[in-house]
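One-letter residues, chain by chain:
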Amino acid sequence: MRRPVRWHIGVFLAPALAIYTVVMVLPLLETLRLAFFRNVDGQAAYVGIANFARLLGEAVWSDAFWNALRNNTEFFLIHLLVMVPLAIALAALLSWPRLRGSAFYRTALFMPTMLSFVIVGFCWKLILSPLWGIAPTLLKAVHLGFLFHPWLGREESALFTLGLVSVWQWLGVPMLLSYAALIAIPGELLEAAEIDGIVGVSQFFRIRLPLLWPTVGVIAILTFVANFNSFDLIYTAQGALAGPNFSTDILGTLLYRTFFGAQLQLGDPHMGATIATMMLLIILAVVCTWLVLVQRRLVRHEF
Amino acid sequence: MNTSSLSLRAFVPALAALAAANALAAPVTLTIESWRNDDLAIWRDQILPVFEKSHPNIKVQFRPMAPTEYNAALNSKLDAGTAGDLVTCRPFDASLELFKKGRLLPLDDLKGMANFTPVARTAWSTDDGKTTFCVPMASVIHGFIYNKDAFAKAGVTPPQTTDQFFAALDKLKAAGIVPLDMGTKDGWETASMGYQNIGPAYYKGEAGRLALVAGKQKLTDPDWVQPWRVLAKWKPYLAEGFESQTYPDSQNMFTLGRAAIYPSGSWEISGFEKQASFKMGAFPPPVAKAGDKCFISDHPDIALGVNAKSAHVAEAREFAEWVASPEFATLYANALPGFFSLNKAPVTMKNPLAQEFVSWRGKCESTIRPTYQILSRGTPNLENEFWVVGSAVIAGSLTPEAASQRLQKGLDAWYHPAK
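Think of each chain on its own: its residues are numbered from 1, step by step along the sequence as written. Chains carry letters and ligands carry numbers; both start at the beginning, A for chains and 1 for ligands, and go up in the order they are written. Note on the predicted model: pLDDT of at least 70 is required for a residue's local features to be given, and 80 or more for side-chain atom pairs to be given and counted; whole-chain, interface and lining totals, by contrast, use all residues.

Q: Please set out the overall build of chain A residue by residue, giving values where relevant.
A: Of regular secondary structure, chain A possesses 13 helices and four strands. The principal-axis extent of the C-alpha atoms belonging to chain A is close to 85 × 80 × 30 Å. Secondary structure is summarised from DSSP: a helix means a run of H or I of at least four residues, a strand means a run of E of at least two, and numbering begins at the N terminus for each.

So, in structure tokens, the structure goes:
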């Protein structure tokens, strides 16, 4: 007997597929297409990989590109080295059974994630303003005014400061992921550890943390993708020129400036698409490498 | 099928006839596209009624939008043929591009064009200066606005030379007030209110600018480096934390009376008049030696063009002709103090601060911001580079010489005037 055609699968998938194609796949293909063309006397002309050669070969473009890539990597490392350990530590504290008011802390720590980046950028600009900010006032109140500097305005500190602001904003997500993983660890396992005399801090490092590694792996790669696509915080806090002196310029702001233009700079969709394509390639390469080399080797435990 | 097309055939001419009759009876309505949404009430209540009174057959509507959306929205409206009959023109390349695409009409044959000097027309003329496509409306003048009360308290008079300028800053600093009110965070202030304000005195205004455009001078020449050296000396006189000080921060600091001198331009006048509770004065950029010729940045900002696809070109040109008249110049300059008429005809202005600014035109030579014409067409964009470099020079992270070299290198990457 022939199996009936299961047409309903197609019908149910069609709307999602259609929307996904229109809002994701087509723009992506169009971006890729744009990167291989150049505007010559008002007409788009196919130029092969000339745009990529220009981006990586001409000092004017490559300096900006490498600078943005370097800053972006630094931005990611700040998240990896500050946000991830902090998130795990907070999750460990939150999952501690004797902690009172853990629901309150959980909500409070997750709150910034729900704020719009416009509000976050604006608030932190105000907090850190040397003229009317609350940060210098508070520091002066405890006689530590000398510690205050216009961090967002200095080349050496602007990116790091924004990295920490971004950590503050996004901390809630990895914290909740780690928290969920931690409370999923079965009680018998921990009881067995206790019987073996492994308690407290040592229990965290020898039992819980090893069980958490797969989650940390997912967090790391999600953070990487988010950081290499990020743009909004830098744009709201520092503007399209990602000052001072391009010290906070990341790939997202470089793409924006190139694609849409800034002040007297006219937009160049073709070079913008070239940068966007490079971003895609970088993220793709790192994610693939990560999946093949790291993520597959992490041992998952089924309870 | 047949009947419907028949009735349509009869209907269309009838409609056309009706429209024609309508046009005869009712006045033509023109619309103006603009980014000056701050000025909507002024156009509607003060400027347009005057025109409509003398031209009863034409009604005009001012239809502004947000400044940041203007360039993109105007482009697509013009492409789609839905833009208004009249268009306010941004200076230089943005409007030139529209003219080259045939979106704006050439306006050389307007009688009123004779009311404008070639310098006033530069911003809306082709590179060879032969065709002008927008009627210049207003320019803004750079200079220094100061707090008269603070000057009196510190015993300082408006400086005329660079040495006097720094002596005044020292005195103000000793008197316990922030001498210079500028931040390096946003960038454009260090370019527009810093370099392009004091610079013309060193590179000799138009002479230097045109030589730079022609490739006869370079940004690394002493005349172009010197303004950076002077700007680098501003740092000790700025407010604490100036690296994070934004443009609105600076405006607030000045109007709150916490700073003495605000390097700026005439466009601040109406806002400051509303906010500040002290007396304000203005002085032009100082010169190197007493008796030297002074130069001011008198930058064209806004003009009016005619949409080539307008259905009422004749009426739109009539309006443009009126905008070119001395009558409009007086009206506009007084409604918006700080936006100065580019008309040759002398304009009487009632605002004293605006009068002070415009009086410099008589004794100083006018020039435009050097980065606006031609030199910002490529990548890296020279104007944007000025913002970045200007902030770095004032903050002390880049030397004046390194700044000049970086700017010239960026320009050399795409601009080859000799070829």
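Q: An account of the overall build of chain B is needed here, citing residue identities and associated values.
A: Counting secondary structure elements, chain B contains 18 helices and ten strands. Only the C-alpha atoms count toward the radius of gyration. The rule for a globule is 2.2 Å times the residue count to the power 0.38. A compact globule built from 419 residues should have a C-alpha radius of gyration of about 22 Å, and chain B, at 24 Å, falls within 12% of that. When the backbone C-alpha atoms are referred to their principal axes, chain B occupies close to 90 × 50 × 40 Å. Buried positions account for 48% of the 419 residues belonging to chain B. Neighbour counting defines burial: a residue surrounded by 20 or more other C-beta atoms within 10 Å of its own C-beta is buried, one with 12 or fewer is exposed, and intermediate counts give partly exposed, using backbone-placed C-beta atoms.

Q: Any details on the domain arrangement of chain B? Residues and values, ideally.
A: Residues and elements named next belong to chain B. Domains are outlined according to an automatic or database domain assignment. Per the domain assignment, the segments of chain B are domain 1 (2–139 + 300–363) and domain 2 (141–298 + 367–412). Between domain 1 and domain 2, the C-alpha centre-to-centre distance is 32 Å. In this description, any two residues whose backbone-derived C-beta atoms lie within 7 Å of each other are considered to be in contact. Facing the 21 residues of domain 1 at the interface are 20 residues of domain 2. Here the side of domain 1 that touches domain 2 takes eight residues from helix H16 (residues 352–363), the largest share from any one element. The class makeup of the residues in the side of domain 1 that touches domain 2 is twelve nonpolar, four polar and five charged. Gly is placed with the polar residues, together with every amino acid not listed as nonpolar (Ala, Val, Leu, Ile, Met, Phe, Trp, Tyr, Cys and Pro) or charged (Asp, Glu, Lys and Arg).

Q: Report on the interface of chain B and chain A, specifying residues and quantitative values.
A: Residue-level contacts link 26 residues of chain B with 20 residues of chain A. Among the elements of the structure, helix H12 (247–255) and helix H17 (382–395) of chain B are those that each provide at least two residues to the side of chain B that touches chain A. Element by element, the count of residues in the side of chain B that touches chain A is highest for H17(B), at seven residues. Looking at side-chain class alone, the side of chain B that touches chain A contains eight nonpolar, twelve polar and six charged residues.

Q: Give me H12(B): which residues, what numbers.
A: Residue and element names in this part refer to chain B. Buried residues of H12: Asp-249, Ser-250, Met-253, Phe-254 and Thr-255, and no others. Those residues of H12 that are buried are in contact with helix H8 (188–198), strand E6 (259–265) and helix H13 (269–275). Of the residues flanking the end of H12, it is Gly-257, one or two places downstream, whose phi is positive at about 80°.

Q: Can you tell me about the pairing of strand E2 (residues 58–64) of chain B, naming the residues and giving the values?
A: Residues and elements named next belong to chain B. Direction of pairing for strand E1 (residues 28–34) relative to E2: parallel, over a ladder of seven bridges. Looking at the pairing, Thr-31 lines up with Gln-61 of E2. With helix H2 (residues 40–54) bridging E1 and its parallel neighbour E2, the resulting β-α-β unit is right-handed. By the convention used here, strands pair only if DSSP detects at least 2 bridges between them. With the strands pointing away from the viewer, any crossover whose connection runs clockwise from the first strand over the helix to the second is right-handed.

Q: Lay out the environment of B:Ala73 with the relevant residues and their values.
A: Within the secondary structure, B:Ala73 is located in helix H3 (residues 67–80). Each C-alpha atom, one on B:Ala73 and one on B:Glu33, is 10.0 Å from the other, the two residues being 40 residues apart in sequence.

Q: Account for unusual backbone geometry, naming residues and giving values.
A: Outside of glycine, negative phi angles account for most residues, and trans bonds account for most peptide bonds. Following A:Gly243, the chain continues into A:Pro244 via a peptide bond in cis, with omega recorded as -10°. The peptide bond linking B:Thr379 to B:Pro380 adopts the cis configuration, its omega dihedral lying at 0°. Positive phi, close to 60°, is recorded for A:Phe246, a residue that is not glycine. Here A:Phe246 is to be found in the loop between helix H11 (232–238) and helix H12 (251–260). In this structure A:Phe246 comes out as buried when scored by C-beta crowding, with 21 C-beta atoms within 10 Å.

Q: Hey, could you go over the pairing of strand E3 (residues 86–89) of chain B for me, with residue numbers and the actual values?
A: Residue and element names in this part refer to chain B. Residues Leu-86 and Thr-88 of E3 are buried on one face, and the alternating residues Val-87 and Cys-89, pointing to the opposite face, are buried as well. The sheet contact formed by E1 and E3 spans two bridges and is parallel. In the strand pairing of E3, Glu-33 is matched with Val-87. Of the pairings in the sheet, the one linking E3 to strand E8 (residues 295–306) comprises four bridges and is antiparallel in character. Counterpart to Cys-89 in the pairing with E8 is Ala-303.

Q: So what's going on with helix H4 (residues 93–100) of chain B? Which residues, and what values?
A: Residue and element names in this part refer to chain B. Among all positions of H4, only Ser-95, Leu-96, Leu-98 and Phe-99 are buried. Mapping the buried residues of H4 onto a view down its axis gives an arc of 160°, with all of them on the same face. Within two residues after H4, Gly-102 carries a phi angle of roughly 80°, on the positive side. Within this analysis, the arc is defined by the directions that extend from the helix axis to the C-beta atoms.

Q: Requested: an account of the packing of helix H8 (residues 172–183) of chain A against helix H10 (residues 200–228) of chain A, with residues and values cited.
A: Describing two packed helices takes the angle between their axes plus the distance from one axis to the other. All names here are of chain A. Axes here refer to lines fitted to C-alpha atoms; in helices the fit is confined to the stretch in contact. Angles between the N-to-C directions go from 0 to 180 degrees. Between H8 and H10, the shortest axis-to-axis distance is 9 Å and the interhelical angle comes to 145°. At the point where H8 passes H10, the crossing takes the right-handed sense. Facing H8, whose interface residues are Pro-174, Leu-177, Ser-178, Ala-181 and Leu-182, H10 presents Arg-208, Leu-212, Thr-215 and Ile-219. Classifying every residue of the contact of H8 with H10 gives six nonpolar, two polar and one charged. Whether a crossing is left-handed or right-handed is set by the direction in which the near helix is turned from the far one by less than a right angle, anticlockwise for left-handed and clockwise for right-handed.

Q: Can you explain the confidence of the model for chain B? Please cite residues and give values.
A: Residue and element names in this part refer to chain B. Here chain B averages 88 in pLDDT, and 93% of its residues register 70 or above. Confidence of the predictor at the level of single residues is given by pLDDT, which spans 0 to 100. Across residues 1–8, where pLDDT falls below 50, the model places zero contacts with residues more than four positions away in sequence or in other chains. When the criterion is pLDDT under 50, residues 17–23 qualifies, and its contacts beyond four places in sequence or with other chains add up to zero contacts. Across the interface, the model reports ipTM at 0.84; the global pTM reads 0.83.

Q: For the packing of H12(A) against helix H13 (residues 269–293) of chain A, give the residues involved together with the corresponding values.
A: Residue and element names in this part refer to chain A. One can describe the packing of H12 onto H13 by two numbers: an axis separation of 7 Å at closest approach and a directional angle of 160°. Comparing the axis directions of H12 and H13 gives the class roughly antiparallel. In this structure, H12 meets H13 at a crossing whose hand is left-handed. Residues Leu-251, Leu-254, Leu-255, Thr-258 and Phe-259 of H12 pack against Pro-269, Met-271, Gly-272, Ile-275, Ala-276 and Met-279 of H13. Partitioned by chemical class, the residues of the contact of H12 with H13 number nine nonpolar, two polar and no charged. Roughly parallel covers angles under 35 degrees, roughly antiparallel covers those over 145, roughly perpendicular covers 65 to 115, and oblique covers all other angles.

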